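Secondary and tertiary structure notes
These are the residues of each chain, in order.
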Amino acid sequence: MSDTATSAKTYPPAPEMAAKAHVNAARYDEMYAASITDPDAFWRKEAGRIDWIKPFTRVSDVNFDLGAVAINWFADGTLNVAANCIDRHLATRGEQTAIIWEPDSPDEDALHITYNALHANVCKMSNVLRGLGVGKGDRVIIYMPMIPEAAYAMLACARIGAIHSIVFAGFSPDALAARVNGSEAKVVITADHAPRGGRATPLKSNADQALLHCSDKVKCLVVKRTGGQTTWVEGRDYDYNALAAEASDECAPEEMGAEDPLFVLYTSGSTGQPKGVVHTTGGYIVYAAMTHEITFDYHEGDVFWCTADVGWVTGHSYIVYGPLANGATTVMFEGVPTYPDASRFWEVCDKHKVNQFYTAPTAIRALMGQGKEFVEKCDLSSLRLLGTVGEPINPEAWNWYNDVVGKGKCPIVDTWWQTETGGHLMTPLPGAHAMKPGSAMKPFFGIKPVVLEPTTGEEISGNDVEGVLCIAGSWPGQMRTVWGDHERFEKTYFSDYKGYYFTGDGCKRDADGDYWITGRVDDVINVSGHRMGTAEVESALVAHAKVAEAAVVGYPHNIKGQGIYCYVTLMGGEEPSEELRKELRTWVRTEIGPIASPDLIQWSPGLPKTRSGKIMRRILRKIAEDDFGALGDTSTLADPSVVDDLIENRMNKS
Ligand code: ATP
Ligand code: MG
């Protein structure tokens, strides 16, 4: 079924885009070839985009052999990431806005924080942390709303050499406690309350509950956001605003080794127990800065908006580190796409004249369901480029994004990457590649994707092929280990396919040599001997006018081996019926072919999603297999009650 996901239509770069872009087609080919032929020479040059205190002599030292996995980049160089994101810009752009902060409610004023102000605030936060006894190598948990202090906290840790670990503010006290204990953190930075979508989460109170399960040596630094009430534990809790008022706004950055850890971040947990991904200093910042500039075709003076939360890697690399290393103006948004209504994103683009806009397919699908009036009432003429990340984007959503938001004039970069990869590994480049809706297209510089036969692990060469996606060789942004568990790191990523980094994703390389992510390897099903990615069936289902969302998994089937089980959420106002079931079956048969015809369709008012908006298919798989006794780690689910409903209304297989 290698031709079903590939759509015939391609979207070549507009000539003006190709002319002005950092990378056009010829340049891509030339640079990509150079990056593969002599990676060390290539990365030696690219590392020059960062200021080093002591220059490195060796570029890379990498071993992917089981039992001896070690990844080192620029290892004997020293630098400071905060100095790269702030200090080095002060002479030329001290009064330029570094961060535009847009609050949850449009009634509250936005803030424009200059690089000078960012410097002062980060130094204050650094001094406050030092005052609490935090030093080089110590861990700090950041459990905060999307407010400027969250970015100050990240950069302050980087400045003094502490290792931050951000826990998304939507997580429960249990999830927070597990991460405080797992990282043996000295300090938890939080805020009184976190406003989001018009409601306020009592963050400090969550932290209080979490800290009951942690060492009594852990300190809690509390930033004022709403001024709402909190309880106070004398000797453990510290008032950030009071301490910052007294703290100096100068703080010398610590000299860090390139391989000193910068942060630990847990994956979203859609396939299993979240992993504490460790990123280090030199390689990460080189890769975040480069991908931010090239993928988004960022130019001096642009206003860049990534709608992620800093609790995800996307927020680390493309709200804070990448844009600030490049001296950009980055937008930080506290709210949600649908509050006060579904035009919030577009109003913010209009208000701050955003040039590059980067979001997730889940947000696009949600907004698409609300109708285009919400987009059309805003002036989006400043937009030059759109991006997506997090899941495969179905062509339906891609087309809406392209037509309604981009007015057919903005290239869409469909960036495929992972918490583990630090930055984009595959994406079309806006001035170089003719985009295909739903395709991640081309490897980024220095990335060597390989397609492997899933059972033998043999590399499949040529085009129009499909298999398991691995990466041959390293890149500077690659994770270095799982926090406290190097063995798990080796086992997860290097044991199934020897000598490669295993991504866990399946992909196809089409006839033109372009890449399509087909979903997790676990999500490839085998129906009567035909292998297919469940994403394909989902994509067909959501292309139906009455379907808002769909998730598809396999289940054991006597005759076919695996059957196709579909969870379908209907558009508001649509009623489930037997007729509609039949209609959807026929629809998928005509869209993909008889082999993909759904066996079972369960009406699902809600789907189990992680806090980052990804569907947790492993839970759906268990329900479809009637094995819901042990659902595994569900602590990162946004709404656990959805699961009970799905179990109760599961389909009968006989
Ligand atoms: P866990 O590893 O804990 O199960 P996770 O894989 O969801 O969680 P992330 O690192 O946030 O954690 O997500 C990376 C994954 O998201 C990729 O492996 C891929 O499956 C999916 N993904 C990200 N971007 C894209 C994209 N542009 N197209 C298709 N899939 C994508
Ligand atoms: Mg993953």
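Look a little higher up for the structure.
Throughout what follows, the structure given in this document is the object of discussion. (Residues numbered from 1 in each chain as written. Chains lettered and ligands numbered in written order. Predicted model: local features only at pLDDT ≥ 70, side-chain atom pairs only at ≥ 80, totals over all residues. Heavy atoms only, no water.)

What about the overall build of the protein chain?
- Scanning the protein chain from N- to C-terminus turns up 21 helices and 30 strands.
- For the protein chain, the C-alpha radius of gyration of 24 Å lies close to 26 Å, the compact-globule estimate for 654 residues.
- Here the protein chain holds 654 residues, and 61% of them are scored as buried.
- Residue pairs at least 24 apart in sequence account for 72% of intrachain contacts in the protein chain once pairs closer than 6 positions are excluded. (Helix = DSSP H or I, 4+ residues; strand = E, 2+ residues; numbered from the N terminus. Rg over C-alpha atoms; globule rule 2.2 N^0.38 Å. Buried < 20%, exposed > 50% of the residue type's maximum accessible area, 1.4 Å probe, protein only. Contact = heavy atoms within 4.5 Å.)

Observations regarding the side chain of threonine 307
- Among the secondary structure elements, threonine 307 is positioned in the loop between β16 (303-306) and α12 (313-325).
- When its relative accessible area of 18% is taken as the criterion, threonine 307 is described as buried.
- Here threonine 359 takes part through its side chain, which lies 2.8 Å from a polar atom of the side chain of threonine 307.
- Contacts of threonine 307, omitting those with residues within four sequence positions, involve Phe345, Phe357, Tyr358 and Thr359. (Polar contact = N/O pair within 3.5 Å; in protein donor to acceptor, adjacent residues only side chain to side chain.)

Comments concerning the packing of aromatic side chains
- Per the stated rule, a full pass over the model turns up 40 aromatic pairs.
- An angle of 80° between the planes, with centres 6.3 Å apart, marks the rings of tryptophan 43 and tryptophan 73 as edge-to-face. With tryptophan 43 in helix α3 (residues 39-46) and tryptophan 73 in strand β2 (residues 70-73), the pair connects residues that are 30 residues apart, well separated along the chain.
- Residue tryptophan 43 is classed as buried on the basis of its relative accessible area, which comes to 1%.
- Their ring planes at 35° and their centres at 4.8 Å tell us that tyrosine 565 and tyrosine 567 sit as a pair that is tilted. For the pair tyrosine 565 and tyrosine 567, a shared accessibility class is recorded, and that class is buried.
- An aromatic cluster is present here, built from Tyr28, Tyr32, Phe42, Trp43, Trp52, Phe56, Trp73, Phe74, Tyr287, Phe444 and Phe445 joined pairwise through their rings. (Phe/Tyr/Trp six-rings, centres within 6.5 Å; stacked < 30°, edge-to-face > 60°.)

Here we look at the pairing of strand β19 (residues 385-389)
- Within β19, 5 of the 5 residues are buried, which leaves the element mostly enclosed by the surrounding structure.
- In this sheet, β19 lies alongside strand β18 (residues 356-359) in parallel orientation, the contact comprising 4 bridges. Across the sheet, glutamine 356 pairs through a bridge with leucine 385, a residue of β19.
- Considered for its hand, the β-α-β crossover made up of β19, helix α16 (residues 395-405) and strand β20 (residues 412-415) is right-handed. (Pairing = 2+ DSSP bridges. Right-handed = clockwise from strand over helix to strand, strands pointing away.)

Quick notes on the packing of helix α20 (residues 617-624) against helix α21 (residues 641-648)
- Put simply, α20 and α21 touch, their axes get as near as 10 Å, and they point 25° apart. On the basis of their axis angle, the class for α20 and α21 is roughly parallel. Like other packed secondary-structure pairs, α20 and α21 cross with a definite hand, here right-handed. For the pair α20 and α21, the contacting residues are Ile619, Leu620 and Ile623 in the first and Val643, Leu646 and Ile647 in the second.
- Along the lines of polarity and charge, the residues of the contact of α20 with α21 split into 6 nonpolar, no polar and no charged. (Axes fitted to C-alpha atoms, helices over the stretch in contact; angles between N-to-C directions. Parallel < 35°, antiparallel > 145°, perpendicular 65-115°, else oblique. Left-handed = near helix turned anticlockwise from the far one by under 90°. Nonpolar A, V, L, I, M, F, W, Y, C, P; charged D, E, K, R; others polar.)

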